[in-house]
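Next come the chains, spelled out residue by residue.
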Amino acid sequence: MSDNEFDVIFIGGGPGGYAGAIRAGQLGLKTLLIDDRQGEDGKPAPGGTCLNVGCIPSKALLDSSKHFHHIQHDYTAHGIRTEGVSMDIDKMLERKRKVVKQLNTGLIQLFKANKVEFVNGRGKLFSERQVEVSPNDGDKYTASGGHVVLAAGSVPFSIPDVEVDNEYILDNVGALEIPEVPGRFGVIGAGVIGLEMGSVWSRLGAETVLFEALEEFLPAVDRDMAKVAQREFKKQKLDIRMGCKVNGAEVADGKVKLSYNDGKEDHEEVFDRLLVSVGRKAATDNLIADDSGVEVTDRGQVEVDARCHTSAENIWAIGDLVRGPMLAHKASEEGIAVAESIAGQAGHVNLETVPWVIYTDPEIAWVGKTEAQLKEEGVEFRTGSFPFAATGRGLAMGNAAGQVKILADAENDELLGCQIVGSTASEFIGEVVVAMEFNGSAEDLARIIHAHPTLSEAVHEAALAVDKRAIHKAN
Ligand code: FAD
Ligand code: NAD
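As a convention, each chain's residues are numbered from 1 in the sequence order in which they are written. Think of it this way: whatever chain is written first is A, whatever ligand is written first is 1, and the rest follow in order. In view of the model being predicted, local features appear only for residues whose pLDDT reaches at least 70, and side-chain atom pairs are presented and counted only at 80 or more, with totals across whole chains, interfaces and linings using the full set of residues. The side-chain numbers reported here are obtained from all heavy atoms of the structure, hydrogens and water having been left aside.

### A look at the overall build of the protein chain
Part 1: A count of helices and strands for the protein chain gives 13 helices and 21 strands.
Part 2: What you see for the protein chain is a C-alpha radius of gyration of 24 Å, in line with the 23 Å of a compact globule of 475 residues.
Part 3: Its C-alpha atoms put the protein chain at 70 × 65 × 45 Å along the principal axes.
Part 4: By residue count, 51% of the 475 residues in the protein chain fall in the buried class.
Part 5: Charged side chains in the protein chain number 48 positive and 73 negative. The centres of these two groups are separated by 5 Å. A run of H or I in DSSP counts as a helix once it spans at least four residues, and a run of E counts as a strand once it spans at least two, with each numbered from the N terminus. The globule rule is 2.2 Å times the number of residues to the power 0.38, and the radius of gyration it is compared with is taken over C-alpha atoms. Burial status follows relative accessibility: with a 1.4 Å probe on protein chains alone, a residue under 20% of its type maximum counts as buried, one over 50% as exposed, and anything between as partly exposed. Charge assignment in this entry is limited to Lys and Arg as positive and Asp and Glu as negative, and neither His nor the chain termini are counted. Lysine's charge is taken at NZ, arginine's at CZ, aspartate's at CG and glutamate's at CD.

### Quick notes on the environment of I406
Part 1: Counting through the fold element by element, I406 comes out in strand β20 (residues 403-409).
Part 2: Relative accessible area serves as the criterion here: at 0%, I406 is assigned to the buried category.
Part 3: On a C-alpha basis, the gap between I406 and G417 in space is 6.0 Å, while along the polypeptide they are 11 residues apart.
Part 4: Contact definition: two residues touch when any of their heavy atoms are within 4.5 Å. Setting aside anything within four residues of it in sequence, one finds I406 in contact with R382, T383, G384, L415, G417, C418, L445, V459, A462, A463 and V466.

### Looking at the domain arrangement of the protein chain
Part 1: Each assigned domain of the protein chain is listed here: domain 1 (5-156 + 281-351), domain 2 (169-278) and domain 3 (362-466).
Part 2: Residue ranges labeled as domains rest on an automatic or database domain assignment. The C-alpha-based centres of domain 1 and domain 2 are spaced at 27 Å.
Part 3: Tallying the contact residues gives 22 residues for domain 1 and 16 residues for domain 2.
Part 4: For any pair of parts, buried area is found by adding up, for both, the accessible area (1.4 Å probe) each one loses once the two are put together. Counting the surface lost from both domain 1 and domain 2, the interface buries some 1500 Å², and carbon and sulfur atoms represent 66% of this.
Part 5: On the domain 1 side of the contact with domain 2, V53, L62 and I89 bury the most area, a combined 31% of that side's loss.
Part 6: Within this document, salt bridges are pairs made up of a side-chain nitrogen of Lys or Arg and a carboxyl oxygen of Asp or Glu, the two lying within 4 Å of each other. Counting across the interface, domain 1 meets domain 2 through three salt bridges.
Part 7: Where K59 meets E196, a salt bridge forms, and the shortest distance between an N and an O atom there is 2.8 Å.
Part 8: Elements that contribute at least two residues to the side of domain 1 that touches domain 2 include exactly α2 (48-53), α3 (55-73) and α4 (89-113).
Part 9: With 10 residues, the top contributor of residues to the side of domain 1 that touches domain 2 is α3.
Part 10: Each residue belonging to the side of domain 1 that touches domain 2 can be placed in one class, and the counts come to 10 nonpolar, six polar and six charged. Residues were grouped as follows: Ala, Val, Leu, Ile, Met, Phe, Trp, Tyr, Cys and Pro as nonpolar; Asp, Glu, Lys and Arg as charged; and all remaining residues, including Gly, as polar.

### Side note on the site of ligand 2
Part 1: When we say a residue is near a molecule or strand, we mean one of its heavy atoms is within 4 Å of it. I193, E212, G279, M326 and V357 are the nearest of the 21 residues found near ligand 2.
Part 2: Here a polar contact means two N or O atoms within 3.5 Å. Within protein one must be a hydrogen donor candidate and the other an acceptor candidate, and residues neighboring in sequence count only if both atoms are side-chain atoms. A213 is positioned such that a nitrogen or oxygen atom in its backbone is 3.1 Å from a nitrogen atom of ligand 2.
Part 3: Throughout, the Shrake-Rupley method with a 1.4 Å probe supplies accessible areas, and for residues the shown protein chains are the sole cover considered. Notes on ligand 2: free accessible area 840 Å², of which the protein chains cover 77%.
Part 4: Elements with a contribution of two residues or more to the shell around ligand 2: α6 (192-203) and β17 (356-358).
Part 5: With three residues, α6 is the largest single contributor of residues to the shell around ligand 2.
Part 6: Residues belonging to the shell around ligand 2 are distributed by class as follows: 13 nonpolar, four polar and four charged.
Part 7: Both of domain 1 (5-156 + 281-351) and domain 2 (169-278) provide at least three residues apiece to the shell around ligand 2.

Right, dumping it as structure tokens:
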């Protein structure tokens, strides 16, 4: 094989591409990974949206702002005096950048350790699996792959008459770098990013208003659980306005004027910063030449089969570029599965058991089907729920908001779904995912010993409640 020939070339180094490339390296495949992202210092910044302007920096800010909020609102109940606490936004942002940088550097070391050749630059796929490589600091050349994996991720949707400048009108990139707490923070879209970034700046003191086009709050979540979450956000003074259609926004004199219609009449509001978080679309621009043979769907995603293989021979696509939830762990599992398929193994990802988490406080985590979906599919089911307020640990922590709800097949008790609104729900949704992967039943979860006192006991009790035999609440 010549220097520019590879067993597999990954285009895009987010959680899909980099995890796939590392796995390919482990499997002994000669692997090239191309990613165009650079940090503020001009150095390569692999890790994609997730590491650089998504999952990790948003969670760093969510954690910093959560500490600040708890100190201000919850510590006195524990007997801790907190007069004179203030927030240093520069320091908070610096900490976030350090976390990202540390992980960027760690990835580059992992590429070396797994013999993955890494190029910081752009890749474009042509016919016959020829990839044009344009390094950020060198001349263009062509590499060819036995297989090519497209892993270019996604970019934010825009809306007409709301132009993102990332100074006053922001997308996810700007929302992670606001230099001071805005007096008023507007958010278009009460989805995942809107709720997470709205929480960050609201906890730090911004009067935060979210404008959501739909009438229904978080339609992917069970209706009663969405209500539980909405009630908590109201207590936190997140002003979420449903059924609002944005007409446009303009910047003047350092303020953003937003005009919208609430279904009855037009209104105007003025904000110091405005976030646009109305969903994301596959990043196919300038990725695939017309003669590559790769088909794109009406929704602009790369068309793939269940194994992530595209319409062109030995060309694969993964992560946010293809169908399924736009989540980092889903992208990684697809990258790994594709590497294993290429190496002749049985790569497989079960999209039915991908867990979701929204990192608000309380967190919202779920897996599997909601009540509405099961009713639509005509599946008979039983439910069991349990509030954290009835757990000893929740009360001892002073953090007992929310509940767990489990859905199980009425006939054979197989677990069909679970929804959790509660502190650190992200950590214990995992046990339900494991149980579902093993085709477990509610009774299986009910018979597993859960340590006491823990928040996860609410999962245990909700599983018992499916059979109306919860111990710490009336059934
Ligand atoms: P990406 O991470 O988008 O990576 C693709 C990479 O390819 C990018 O670096 C891009 O610059 C590069 N690229 C694109 N085209 C080319 C090309 N032609 N040549 C070379 N390089 C190219 N998901 C979660 O699971 N948990 C979370 O907590 C979470 N939080 C999020 C918070 C925010 C604010 C955002 C925006 C997203 C969040 N997500 C979260 C979603 C998550 O970031 C994505 O699902 C995930 O990054 C998708 O991974 P990917 O590998 O498909 O693509
Ligand atoms: P989203 O789909 O979660 O939410 C977008 C919201 O904007 C929706 O509720 C939609 O109805 C609303 N909307 C659309 N157009 C509108 C308009 N013109 N006016 C008002 N509202 C409008 O999308 P997002 O929040 O941009 O996030 C994109 C994706 O990134 C998520 O779907 C998720 O896959 C991923 N993400 C995941 C996490 C996580 O896992 N914790 C965090 C952030 C982002």
